[in-house]
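# Fold and contact review
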Amino acid sequence: MKSMEKTVNEKDHIIPYRKFLHILILLILLTLTSVALTRIYLGALTVALALIIAAVKSSFVLRIFMHLKFESRLFTVLVTFVVLLICAVITITLLDYLFRQ
Amino acid sequence: MIAKSEIYRDDLASKFGMWLFLFTEMLLFGGLFIVYSVYRYRNSGAFHLAAQELSVTIGTINTIILLTSSTTIAMSITAIRKQDKRMALLLIGITIILGLAFLVNKYFEWGEHIRQHIYPGSSVLSSRGQGDVLFYGLYFFMTGLHALHIIVGLIFIGFVTTFISINRINSDRYVLLENCGLYWHLVDMIWIFLFPLFYLIT
């Protein structure tokens, strides 16, 4: 009977504890890297580097912690769309402020 | 038992619903990030000076706390699927403690600002000019809204903990724990962006 209660679309993938711990170490290292990088003055590069590192960290959180890597592709497509939408609106808004006469 | 097993359950749909809610959260914070970028662009000097007053140490510690709590809640799903209820409860307990530790740090951090009369509407802050007012207004609003999400997340985790202990969440039925994890990870992800924007980029 148990098998009937199981959902039709459940993927059987148990992520091992070790995998999560590896990702945690990686995320902490990335955090410390971004702290160290912003202590050195790199001008406009600092902003770009800090945001790129934040984006890399989020992609690990999304793919591993939030299971996007193992989930239906639909979720990845939708998340990508929402992220691109936010980026597009930020870019368009800033273009207006940068180039308005 | 037979009647129960015939109830149709769609975990994917539950997760889909949770993701749709998370999208609205992403758009909410996305909107605030737009406001931040524009105000930063228009008051770069003041934002530069004001950001230097925030403690990078507390910010870094809180980032590591949240990253660790995200890991423990993700690991609790592995534990529940391996039918290790004690391990799942232990991991989720650590998540709650870390979430509370984040709030305690936030309390001391905000307390320090308020002691120095830096809070929205204070005369000391107003006298420092528009750029500082905008920086601290956004700082208090965005980190405050984030802290509110931490509190909601902790209440959510509290319910999930109860459900695990009474076996309503088990190795066969754990989508609520997964959804709770998704919410907690999103709150973590928002902090991943708030941290460099307010503490690091000076």
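As the structure is a computational prediction, the values presented were derived from the model and not from experiment.

This next bit is on the overall build of chain B. Helix and strand counts for chain B stand at 8 helices and 0 strands. Along chain B, from the amino end to the carboxyl end, the secondary structure elements read α-α-α-α-α-α-α-α. The principal-axis extent of the C-alpha atoms belonging to chain B is close to 70 × 30 × 25 Å. Looking at the 202 residues of chain B, the share that counts as buried comes to 54%. Of the contacts formed within chain B by residues at least 6 apart in sequence, a portion of 81% connects residues at least 24 apart.

The partner chain A presents 53 residues to the 55 residues of chain B that form the contact. Together, the buried faces of chain B and chain A total about 5,100 Å²; carbon and sulfur atoms form 74% of this surface. Here chain B and chain A share 1 salt bridge between them. Among the salt bridges present, the one from lysine 15 of chain B reaches glutamate 71 of chain A, with a minimum N-O distance of 2.9 Å. The tally of links between chain B and chain A comes to 3 residue pairs in polar contact (both at pLDDT 80 or more). Of all the secondary-structure elements, those providing two or more residues to the side of chain B that touches chain A are α2 (11-42), α4 (56-81), α5 (85-115) and α8 (175-200) of chain B. By residue number, the principal contributor to the side of chain B that touches chain A is α2 of chain B, which donates 16 residues.

With that settled, the discussion passes to the pattern of salt bridges. Pairing between side chains of opposite charge can happen when their charged atoms approach one another. Going through the model one piece at a time under the given rule, you end up with 8 salt bridges over all chains. The shortest N-O distance in the salt bridge between arginine 100 of chain A and aspartate 96 of chain A comes to 2.8 Å. On the basis of relative accessibility, which here comes to 33%, the residue aspartate 96 of chain A falls in the partly exposed class. As a salt-bridge pair, lysine 15 of chain B and glutamate 178 of chain B come within 3.4 Å of each other at their nearest N and O atoms. A residue pair is termed long-range when its members are at least 10 positions apart, and lysine 15 of chain B in helix α2 and glutamate 178 of chain B in helix α8 qualify at 163 residues. Using a relative accessible area of 5% as the deciding quantity, one classes lysine 15 of chain B as buried. Glutamate 178 of chain B gets classed as buried once you look at its relative accessible area, which sits at 6%. What you see here is one network of salt bridges that share partners, running through Glu71 of chain A together with Lys15 and Glu178 of chain B.

Here we take up the domain arrangement of chain A. Residue and element names in this part refer to chain A. By the assigned domains, chain A splits into domain 1 (16-69) and domain 2 (71-101). Between domain 1 and domain 2, the C-alpha centre-to-centre distance is 20 Å. If you look at the interface, domain 1 gives 4 residues, while domain 2 gives 4 residues. Of all residues in domain 1, Leu62, His67 and Leu68 bury the most surface against domain 2, accounting for 88% of the area lost on that side. Counting every contact that joins domain 1 to domain 2 gives 0 salt bridges. At the junction of domain 1 with domain 2, the criterion picks out 2 residue pairs in polar contact (both at pLDDT 80 or more). Residues of the side of domain 1 that touches domain 2, tallied by class, amount to 2 nonpolar, 1 polar and 1 charged.

The next point concerns helix α2 (residues 17-39) of chain A. With 23 residues, α2 of chain A should cover 33 Å at 1.5 Å per step; its first-to-last C-alpha distance of 34 Å lies within 8% of that length. Every buried residue of α2 of chain A is listed here: Tyr17, Phe20, Ile23, Leu24, Leu27, Leu30, Thr31, Ser34, Val35 and Thr38 of chain A. Residues of α2 of chain A that are buried in the fold lie against α3 (44-65) of chain A together with α4, α5 and α8 of chain B.

The next thing to look at is the side chain of serine 58 of chain A. Inspection of the secondary structure assignment puts serine 58 of chain A in helix α3. We classify serine 58 of chain A as buried; its relative accessible area is 5%. A polar contact of 2.7 Å, which involves the side chain of serine 58 of chain A, links it to the backbone oxygen of alanine 54 of chain A. Contacts of serine 58 of chain A, omitting those with residues within four sequence positions, involve Met189, Ile192 and Phe193 of chain B.

Attention now goes to the layout of surface pockets. Estimates place the volume of the largest pocket at around 1,300 Å³. Every residue lining the largest pocket is counted, 44 residues in all, and those nearest its centre are Leu51 and Ile90 of chain A together with Phe33, Phe193 and Leu197 of chain B. Among the elements of the structure, α2, α3 and α4 (73-99) of chain A together with α2, α3 (44-51) and α8 of chain B are those that each provide at least two residues to the lining of the largest pocket. Looking at the lining of the largest pocket, its residues break down into 28 nonpolar, 13 polar and 3 charged. Here the lining of the largest pocket spans two domains, and each of domain 1 (16-69) and domain 2 (71-101) of chain A adds at least three residues to it.

Core analysis: the largest hydrophobic core is formed by 86 residues, its most contacted members being Met66 of chain A together with Trp19, Tyr136 and Phe198 of chain B. The element best represented in this core is α8 of chain B, accounting for 17 residues. Domain assignment of the residues forming this core places at least three in each of domain 1 (16-69) and domain 2 (71-101) of chain A. In contact with methionine 66 of chain A, not counting residues within four places along its chain, are Val61 of chain A together with Trp19, Leu22, Leu182, His185, Leu186 and Met189 of chain B.

Cut-off values and rules
Residues numbered from 1 in each chain as written. Chains lettered and ligands numbered in written order. Predicted model: local features only at pLDDT ≥ 70, side-chain atom pairs only at ≥ 80, totals over all residues. Heavy atoms only, no water. Helix = DSSP H or I, 4+ residues; strand = E, 2+ residues; numbered from the N terminus. Buried < 20%, exposed > 50% of the residue type's maximum accessible area, 1.4 Å probe, protein only. Contact = heavy atoms within 4.5 Å. Buried area = accessible area lost by both parts, 1.4 Å probe. Salt bridge = Lys/Arg side-chain N within 4 Å of Asp/Glu carboxyl O. Polar contact = N/O pair within 3.5 Å; in protein donor to acceptor, adjacent residues only side chain to side chain. Domains from an automatic or database assignment. Nonpolar A, V, L, I, M, F, W, Y, C, P; charged D, E, K, R; others polar. Expected span 1.5 Å × (residues − 1). 1 Å grid on protein atoms, 1.4 Å probe; cavity = no way out; pocket = protein on both sides within 12 Å on 5 of 7 lines; lining within 4 Å. Points joined across faces, edges and corners; volume = space filled by probe spheres on them. Core = buried A, V, L, I, M, F, W, Y, C linked by side-chain atoms within 4.5 Å.

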